[in-house]
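Spelled out from the first residue to the last, the chains are:
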Amino acid sequence: MDKNATRYNIQLYIYDLSRGMARSLSPIMLGKQLDGIWHTAIVAYGDEFFFGGEGISSCSPGGTMLGPPDTVVELGETEVSEEIFMDYLSSLGESTYRGDRYRLFEHNCNTFTNEVAQFLTGRPIPSYITDLPAEVLSTPFGQILRPILDSIHIAPPGGNVINGGRNI
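About the criteria used
Residues numbered from 1 in each chain as written. Predicted model: local features only at pLDDT ≥ 70, side-chain atom pairs only at ≥ 80, totals over all residues. Heavy atoms only, no water. Core = buried A, V, L, I, M, F, W, Y, C linked by side-chain atoms within 4.5 Å. Buried < 20%, exposed > 50% of the residue type's maximum accessible area, 1.4 Å probe, protein only. Helix = DSSP H or I, 4+ residues; strand = E, 2+ residues; numbered from the N terminus. Contact = heavy atoms within 4.5 Å. Phe/Tyr/Trp six-rings, centres within 6.5 Å; stacked < 30°, edge-to-face > 60°. Axes fitted to C-alpha atoms, helices over the stretch in contact; angles between N-to-C directions. Left-handed = near helix turned anticlockwise from the far one by under 90°. Nonpolar A, V, L, I, M, F, W, Y, C, P; charged D, E, K, R; others polar. Patch = residues over 30% accessible without salt bridge, like charges linked within 9 Å, V, L, I, M, F, W, Y side chains within 5 Å. Areas by Shrake-Rupley, 256 points an atom, 1.4 Å probe, with all protein chains shown as cover. Salt bridge = Lys/Arg side-chain N within 4 Å of Asp/Glu carboxyl O. Expected span 1.5 Å × (residues − 1). Polar contact = N/O pair within 3.5 Å; in protein donor to acceptor, adjacent residues only side chain to side chain.

Undergrad: Can you tell me about the nonpolar core, naming the residues and giving the values?
TA: Grouped together as the largest cluster of nonpolar side chains are 31 residues, with contacts concentrated most on Ile42, Phe85, Leu89, Leu92, Phe112, Val116 and Leu120. Taken together, the elements giving at least two residues each to this core come down to strand 1 (8-16), strand 2 (38-44), strand 3 (47-52), helix 2 (82-94), helix 3 (109-121) and helix 5 (132-137). Look past the residues within four positions of Ile42 in its chain and what remains in contact with it is Ile10, Gln11, Leu12, Asp47, Glu48, Phe49, Leu75, Thr113, Val116, Ala117 and Leu120. Residues Val43, Phe50, Cys59 and Leu66 belong to the second largest nonpolar core, which totals seven residues.

Undergrad: Give me the packing of aromatic side chains: which residues, what numbers.
TA: Inspection of every chain in the model, using the stated rule, returns 11 aromatic pairs. Ring geometry for Phe51 and Tyr102: centres 5.6 Å apart, planes at 45 degrees, overall tilted. Note that Phe51 is positioned in strand 3 and Tyr102 in the loop between helix 2 and helix 3, a separation of 51 residues in sequence. For the pair shown, Phe51 and Tyr102 are each scored as buried. On the basis of an interplanar angle of 70 degrees and a centroid distance of 5.3 Å, the ring pair of Tyr97 and Phe112 is categorised as edge-to-face. Placement of the pair is Tyr97 in the loop between helix 2 and helix 3 and Phe112 in helix 3, with a sequence separation of 15 residues.

Undergrad: Describe the packing of helix 2 against helix 3, naming the residues involved and giving the relevant values.
TA: Interhelical geometry of helix 2 versus helix 3 gives an angle of 145 degrees and a closest axis separation of 12 Å. Classified by chirality, the crossing of helix 3 by helix 2 is right-handed. Of the residues in helix 3, those in contact with Ile84, Phe85, Tyr88, Leu89 and Leu92 of helix 2 are Phe112, Glu115, Val116, Phe119 and Leu120. Residue composition of the contact of helix 2 with helix 3, by class: nine nonpolar, no polar and one charged.

Undergrad: So what's going on with a nonpolar patch on the surface? Which residues, and what values?
TA: On the surface, Met21, Leu25, Ile28 and Met29 cluster together into a nonpolar patch covering about 400 Å² of accessible area. For Leu25, the location among the structural elements is in helix 1 (residues 21-30). On the accessibility criterion, Leu25 (33% relative accessible area) is partly exposed.

Undergrad: Go over the environment of Phe112 with me, naming the residues and quoting the values.
TA: Looking at Phe112, the relative accessible area reads 0%, which means it is buried. Placed 62 residues apart in sequence, Phe112 and Phe50 show a C-alpha to C-alpha distance of 7.3 Å.

Undergrad: Pulling in residues and values, what's your account of helix 3?
TA: The end-to-end C-alpha distance of helix 3 is 18 Å, a good match for the 18 Å that 13 residues give at a rise of 1.5 Å each. For helix 3, every residue scored as buried is listed here: Cys109, Asn110, Phe112, Thr113, Asn114, Val116, Ala117, Leu120 and Thr121. Capping the start of helix 3 is the job of one residue whose side-chain oxygen sits 2.8 Å from the backbone nitrogen of Asn110: Asn108. Downstream of helix 3 by one or two residues, Gly122 has phi in the positive range, about 80 degrees.

Undergrad: Outline the pattern of salt bridges, listing residues and values.
TA: Tallied over the full model, the rule gives four salt bridges. In this structure, Glu77 engages Arg7 in a salt bridge whose closest nitrogen and oxygen atoms are separated by 2.8 Å. Of this pair, Glu77 sits in strand 5 (residues 71-78) while Arg7 sits in the segment before strand 1, and the two are 70 residues apart along the sequence. What you see here is one network of salt bridges that share partners, running through Arg7, Glu77 and Glu79.

As structure tokens, this is what we get:
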């Protein structure tokens, strides 16, 4: 790495969409303890970036209707410039992360942040987040709920869609 290169701090914002309810209800409903239903976003270059049913969006950090994150994880630093990053996001938004490609269990906000975190820092997001869908689907109740949950597209209000998200 170039010692003179500009370095940018990269953070993972973690939100519990259940607002604590998963912790108390999951043992009853799923037969196992879940600490939360996680939505994540990458914070870089002064903005928060996330993926949902509208595609890739951005806002000021903590600027969605979800408010401030429940947890902030420092992922490290990157030398990737903002211009290269925005080109990368634009490319993802036209292909892999179009809004119509959103799937709650297989291709969601956490899939997006994991891929972006690895692009920027070389490190994945915590596995307790990426493993959550498999944990839910490994239960009988998760299998019963799957058809209903598959139809849900989470797109926290308050963001600006980066790509044409509607490239159907």
